[in-house]
Amino acid sequence: MDTANFEVRKTVKLNSGYQMPTLGLGTWTLTGATCETAVYQALKCGYRLIDAAKYYGNEQEVGNAVKKAVNEGICTREEVFITTKIVPWTSNPAADIDNSLQKLQTTYIDLCLLHQHGSAKEDDAVYKAMVQAVKDGKIRSIGISNYYTEKDVEKFIDGYEIPPAVVQNENHIFYQNNTLRDCLAARNIYVESYYPFGGRGHTGDHFGNPVILEIAAAHNKTAAQVLVRWHLQSGYIAIPGSGNSLHIAENFDIWNFELSEAEMRRIAALNTGRRYENW
Ligand SMILES: NC(=O)c1ccc[n+]([C@@H]2O[C@H](COP(=O)([O-])OP(=O)(O)OC[C@H]3O[C@@H](n4cnc5c(N)ncnc54)[C@H](OP(=O)(O)O)[C@@H]3O)[C@@H](O)[C@H]2O)c1
């Protein structure tokens, strides 16, 4: 697939029929007041996608921030797209979903993901619980996370009444899994990039990369903005994480410039196929 053909849109229509924003705030490592402030600031500056997880221990704070923004008229609940995730090693995924709804202080979760793979039995229990929750109106769209091959994803497409709408994976300039993106695009499933900047401990390699810095200078943008733009122009949904309000605003200020085909090709050439995580 020619990446130049991807049009950058603020939302995409999922196979569930719902719209999902293409750029959101990641909340891994954000807890307590830092999380609540970050999510509130993000909503204030225009973000409408928030990525949380039961495992992050921050659903209550995400819920508080969304509620505050809604109460202040910054957005409506319907305009905000909230993602959470259920771990495979849970003993009761249905109860986990109810608990997430309670903590997020909402009647529905926009997107619920199986956080990572467990045993086949565990994956099956979580996925079935998510399918049932869609039927019960508790979840709108479902997906999986940390599945890197078409074969891995296929069992969820073929084996259940509702296919995944989104696959959330590690994805960045040094790990560009175009094969998965293209085969899932053909099935109307979006890949959502986590670690869009490489994740904590690796961001220096991404922000300091000479090619990225050269392109950033040419557009009078920051390296972070070029990286976000690259994710969106490559057809990914991206959720850069930040607890810093200046960074949060910077990462969202990417709608007014475009990477050229030549620049996209230069970034494509940075791919080493190396992932940081192995789960
Ligand atoms: N499904 C999964 O298994 C999984 C795994 C990992 C992550 N995730 C999700 O994906 C999201 C993104 O990943 P991530 O947050 O781990 O890593 P990331 O987005 O690649 O990088 C986050 C790091 O970048 C820094 N940063 C952000 N914007 C910046 C800017 N403009 N300038 C300089 N530094 C900047 C942040 O620091 P500051 O706070 O100082 O801005 C933080 O240290 C997570 O938050 C989480 O929601 C999912």
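Residues numbered from 1 in each chain as written. Predicted model: local features only at pLDDT ≥ 70, side-chain atom pairs only at ≥ 80, totals over all residues. Heavy atoms only, no water.

**Q** Describe the site of the ligand, with residues and values.
**A** Around the ligand, the structure places 30 residues, and the nearest of them are D51, S145, F197, S242 and H247. Here G198 contributes a backbone N or O atom positioned 3.3 Å from an oxygen atom of the ligand. For the ligand, whose free accessible area comes to 890 Å², the fraction covered by protein is 88%. According to the grid-proximity analysis, the pocket containing the ligand is the largest pocket. Elements that contribute at least two residues to the shell around the ligand include exactly α7 (203-207) and α10 (245-252). No other element matches α10, which puts three residues into the shell around the ligand. Residues of the shell around the ligand, tallied by class, amount to 11 nonpolar, 15 polar and four charged. (Near = heavy atom within 4 Å. Polar contact = N/O pair within 3.5 Å; in protein donor to acceptor, adjacent residues only side chain to side chain. Areas by Shrake-Rupley, 256 points an atom, 1.4 Å probe, with all protein chains shown as cover. 1 Å grid on protein atoms, 1.4 Å probe; cavity = no way out; pocket = protein on both sides within 12 Å on 5 of 7 lines; lining within 4 Å. Sits in = over half its atoms within 2 Å of the grid points. Helix = DSSP H or I, 4+ residues; strand = E, 2+ residues; numbered from the N terminus. Nonpolar A, V, L, I, M, F, W, Y, C, P; charged D, E, K, R; others polar.)

**Q** Give me the lowdown on the pattern of salt bridges, citing residues and values where you can.
**A** Any two side chains of opposite charge can pair, on the condition that their charged atoms come close. Throughout the structure, instances matching the rule amount to 13 salt bridges. A salt bridge links R266 to E214; the nearest nitrogen and oxygen atoms lie 3.2 Å apart. Here R266 is found in helix α11 (residues 261-268), whereas its partner E214 is found in helix α8 (residues 210-219), with 52 residues between them in sequence. (Salt bridge = Lys/Arg side-chain N within 4 Å of Asp/Glu carboxyl O.)

**Q** Quick one: what's the story with unusual backbone geometry, residue by residue and with numbers?
**A** In this structure, N146 takes a positive phi of about 70° despite not being glycine. Looking at the secondary structure, you find N146 in the loop between β7 (139-145) and α5 (150-159). Of note, Y195 is a non-glycine position whose phi angle comes to about 55°, a positive value.

**Q** Describe the packing of helix α3 (residues 93-104) against helix α4 (residues 120-135), listing the residues and the values that go with them.
**A** Contact geometry of α3 with α4 gives a least axis separation of 8 Å together with a crossing angle of 50°. Here α4 runs oblique to α3, going by the angle between their axes. Note on packing geometry: the crossing formed by α3 with α4 is right-handed. Contact with α3, carried on its side by P93, A94 and I97, involves A125, V126, A129, M130 and A133 of α4 and no other residues of that element. By residue class, the composition of the contact of α3 with α4 is eight nonpolar, no polar and no charged. (Axes fitted to C-alpha atoms, helices over the stretch in contact; angles between N-to-C directions. Parallel < 35°, antiparallel > 145°, perpendicular 65-115°, else oblique. Left-handed = near helix turned anticlockwise from the far one by under 90°. Contact = heavy atoms within 4.5 Å.)

**Q** Any chance you could break down the sheet that holds strand β9 (residues 190-194) for me, citing the residues and the numbers?
**A** The strand order across the open sheet formed by eight strands is β3-β4-β5-β6-β7-β8-β9-β10, and the pairing between neighbours is parallel. On the outer flanks of this sheet lie β3 (25-26) and β10 (237-238), each paired with one strand and no other. Pairing between β7 and strand β8 (residues 166-170): three bridges, direction parallel. Following the sheet pairing, I144 is matched in β8 by V167. (Pairing = 2+ DSSP bridges.)

**Q** Give a description of empty space enclosed by the protein that names residues and reports values.
**A** Over the atoms, a rolled probe matching the size of one water molecule traces out where space is still vacant. Evaluation of the coordinates by the stated rule reveals one cavity of 30 Å³ or more. Its volume calculated, the largest cavity comes out at about 30 Å³. What lines the largest cavity is N169, E170, N171, N177, L180, R181, V191 and Y236. Counting residues per element, the ones that place at least two in the lining of the largest cavity are β8 and α6 (178-185). When the residues that make up the lining of the largest cavity are grouped by side-chain class, the tally is three nonpolar, three polar and two charged. (Points joined across faces, edges and corners; volume = space filled by probe spheres on them.)

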